[in-house]
Amino acid sequence: MNNGLLNIVISTTCAAALLSCSTSTIENATTQQNAMATLAPKPLYQDPVYDGAADPSIVWDKHAKRWLMFYTNRRANVAGLNGVEWVHGTPIGIASSTNGREWHYLQDASFSGNNMPPTLWAPDVFVHNNQYHMFLTLVPGIFDNWSHPRTIAHYTSENLLDWVYQSQLNLNTNKVIDADVIVKPNGGFRLFYNDEPDGKSIYYADSEDLYHWQDQGKAALTSRGEGPVVFYWQGWYWMIVDAWRGLSVYRSADLTSWQQQTAYLLSEPGTGEQDGVIGQHPDVVVQDNKAYLFYFTHPGKTPANKGIDNASTRRSVIQVSELTFDGEWLQTNRDQPVDINW
């Protein structure tokens, strides 16, 4: 509610009572305005360059005292591209926020130290011992189909803007995407990723130092998917995976044995602006013991537009909802306003 609307509310309230405004009326209206001021908008973020923000990864920039969102910037609004060329040739965009709900495009991430390919996908930014790490999918070209290699590489940064190449990970195949890293319960690190040749199944690798990785094979999940995000909350390790019909949810006590939740998250259209389709490839931020689910949607991919491929169906936006824990499993109501004031 802006100040003009606030004044109208106060004036209308007082006129209806044929009384001058009381202090309590003004205080109530101000309280309402303050409450609305911390609600996240829908959509949360739209990229101003290509209109194709997807695959968010969110991290706190302790030096600049701001939140940064890294994302695959698909070229949704570029004309004359064939097939899936628009999903290739993609930079990694960065948006910034001081409070977690108001996001503004900052710049593209800069990479050095190796011969960077033109297609960059699905950044995962991980902080350890005051060092920033990124695990990034690399595709060696701009292609109109999906039949080409892709690898995951490791980069480090001092400022979250400029990234230096460290190595390419030796994983199960040469067609892997969507890394996500978490600290293991007894020390060391585990990286989950999608192995495309094996039916797009989730695999994982382990490391003691984030620089040397040993592939461990397929994760013990009961279904397939991509874009895994793993986090610890409410006494469990959780994995949320883009299952192409909403988000599948798993829980584990040890990051090895997993149980799948029956219900999918974001499988039904929401009523919010540009949120009327399934949610895809998420990130989760746990802040002040609350868990926030950041995901992207293709607003134009509605049943009425089935088979249509143009800028309106290619474009994507970032949305957010809050996760809740019912004592057993995770739920989210994408239509419920999200209060964020980080």
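Caption draft 1: Broad picture of the nonpolar core. Within the largest apolar cluster, 20 residues are counted, with the highest numbers of intra-cluster contacts made by Leu44, Tyr45, Met69, Trp103, Phe294 and Val320. Elements with a contribution of two residues or more to this core: β1 (53-61), β2 (66-73), β19 (290-297) and β20 (317-325).

Caption draft 2: Seen up close, the sheet that holds strand β11 (residues 189-195). Spatially, β10-β11-β12-β13 is the arrangement adopted by the 4 strands of the open sheet, whose pairing is antiparallel. On the outer flanks of this sheet lie β10 (176-183) and β13 (213-218), each paired with one strand and no other. The sheet shows a mean angle of 25° between the axes of neighbouring strands, taken without regard to direction. Where β11 and strand β12 (residues 201-207) come together, 7 bridges link them in antiparallel fashion. The residue bridging tyrosine 193 from the neighbouring strand is tyrosine 203, located in β12.

Caption draft 3: Structural context of the sheet that holds strand β21 (residues 330-332). One open sheet accounts for 4 strands, arranged β18-β19-β20-β21; its pairing is antiparallel. Edge positions in the sheet fall to β18 (280-287) and β21, since each of these pairs with one other strand and no more. Averaged over all neighbouring strand pairs, the angle between strand axes comes to 35°, with direction disregarded. Examined bridge by bridge, β18 and β19 share 6 bridges and lie antiparallel to one another. Bridge assignment links glutamine 280 to a residue of β19, and that residue is phenylalanine 296.

Caption draft 4: Focus on unusual backbone geometry. Along the chain, lysine 42 connects to proline 43 via a cis peptide bond; the corresponding omega equals -5°. Among the structural elements, proline 43 can be located in the loop between α2 (23-37) and β1. With a phi angle near 50°, asparagine 129 is a residue other than glycine that sits in the positive phi range. For asparagine 129, the location among the structural elements is in the loop between β6 (119-128) and β7 (131-139). The class of asparagine 129 is exposed, set by a relative accessible area of 65%. Of note, aspartate 178 is a non-glycine position whose phi angle comes to about 65°, a positive value.

Each value, and the rule that gives it
Residues numbered from 1 in each chain as written. Predicted model: local features only at pLDDT ≥ 70, side-chain atom pairs only at ≥ 80, totals over all residues. Heavy atoms only, no water. Core = buried A, V, L, I, M, F, W, Y, C linked by side-chain atoms within 4.5 Å. Buried < 20%, exposed > 50% of the residue type's maximum accessible area, 1.4 Å probe, protein only. Helix = DSSP H or I, 4+ residues; strand = E, 2+ residues; numbered from the N terminus. Pairing = 2+ DSSP bridges. Axes fitted to C-alpha atoms, helices over the stretch in contact; angles between N-to-C directions.

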